[in-house]
Amino acid sequence: MVEITSEDRNFPIESAFVAEETQGWRAASPGTQMIRLLFDQPQRLRRIALVFEESATARTQEFVLRWSPDGGHSFKEIVRQQWNFSPPETTRELEEYHVELSDVTVLELVIVPDISRGTARASLRSLRLS
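Residues numbered from 1 in each chain as written. Predicted model: local features only at pLDDT ≥ 70, side-chain atom pairs only at ≥ 80, totals over all residues. Heavy atoms only, no water.

Participant: Would you explain the overall build of the chain in this entry?
Facilitator: Scanning the chain for helices and strands turns up zero helices and eight strands. Secondary structure elements of the chain occur, N-terminal to C-terminal, as β-β-β-β-β-β-β-β. The C-alpha atoms of the chain give 14 Å as radius of gyration, which agrees with the globular expectation for 130 residues (14 Å, within 12%). In terms of overall dimensions, the chain has C-alpha extents of about 40 × 25 × 25 Å along its principal axes. The contacts in the chain between residues at least 6 apart in sequence include a share of 71% that link residues at least 24 apart. Surface accessibility of the chain: about 7100 Å² in total, with carbon and sulfur atoms responsible for 46%. Across the chain, the centroid of the 15 positively charged side chains sits 1 Å from that of the 20 negatively charged ones. (Helix = DSSP H or I, 4+ residues; strand = E, 2+ residues; numbered from the N terminus. Rg over C-alpha atoms; globule rule 2.2 N^0.38 Å. Contact = heavy atoms within 4.5 Å. Areas by Shrake-Rupley, 256 points an atom, 1.4 Å probe, with all protein chains shown as cover. Lys, Arg positive; Asp, Glu negative; His and termini not counted. Charge placed at Lys NZ, Arg CZ, Asp CG, Glu CD.)

Participant: How should I be thinking about the packing of aromatic side chains in this particular structure?
Facilitator: The geometry of two aromatic rings is summed up by the distance between their centres and the angle between their planes. Applying the stated criterion across every chain, the model contains one aromatic pair. With centroids separated by 5.2 Å and ring planes inclined at 35 degrees, the aromatic side chains of F52 and F63 adopt a geometry described as tilted. Pair noted here: F52 is in strand β3 (residues 33-53) and F63 is in strand β4 (residues 59-68), with a separation of eleven residues, a long-range link. When its relative accessible area of 1% is taken as the criterion, F63 is described as buried. Lying across the ring of F11, R26 places its NZ or CZ 3.9 Å from the centre. It is R66 that lies over the ring of F75; its NZ or CZ is 4.1 Å from the centre. (Phe/Tyr/Trp six-rings, centres within 6.5 Å; stacked < 30°, edge-to-face > 60°. Buried < 20%, exposed > 50% of the residue type's maximum accessible area, 1.4 Å probe, protein only. Lys NZ or Arg CZ within 6 Å of the ring centre and 35° of its normal.)

Purely geometric stuff here, so don't read any function into it on its own.
Right, dumping it as structure tokens:
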């Protein structure tokens, strides 16, 4: 199951999980957004790949990726990172994390699309897990 805080109906979260999809997910409103994956059965994760794209607005984005072994009662941070988008030169952020996580019941991605609190909307081109 997927929980999200906001979604542009033209850019649904399912688009971030489909390999052939080219548009990805985008929030309906500016500000901090959360994407939470809830697993029916605990999962073992070895790789997490994220792709973010921004072709219009220069901004500094921050994201936090964390996981829970107990249904979201407690979380362990995997990474917290900032990235500067500077279109047209720097428009794509690709992150790949090799992890050894067992018993993952929740995977959470929190995106602050603009740390200066501008009007940018969070987006995620793709999220791949293995």
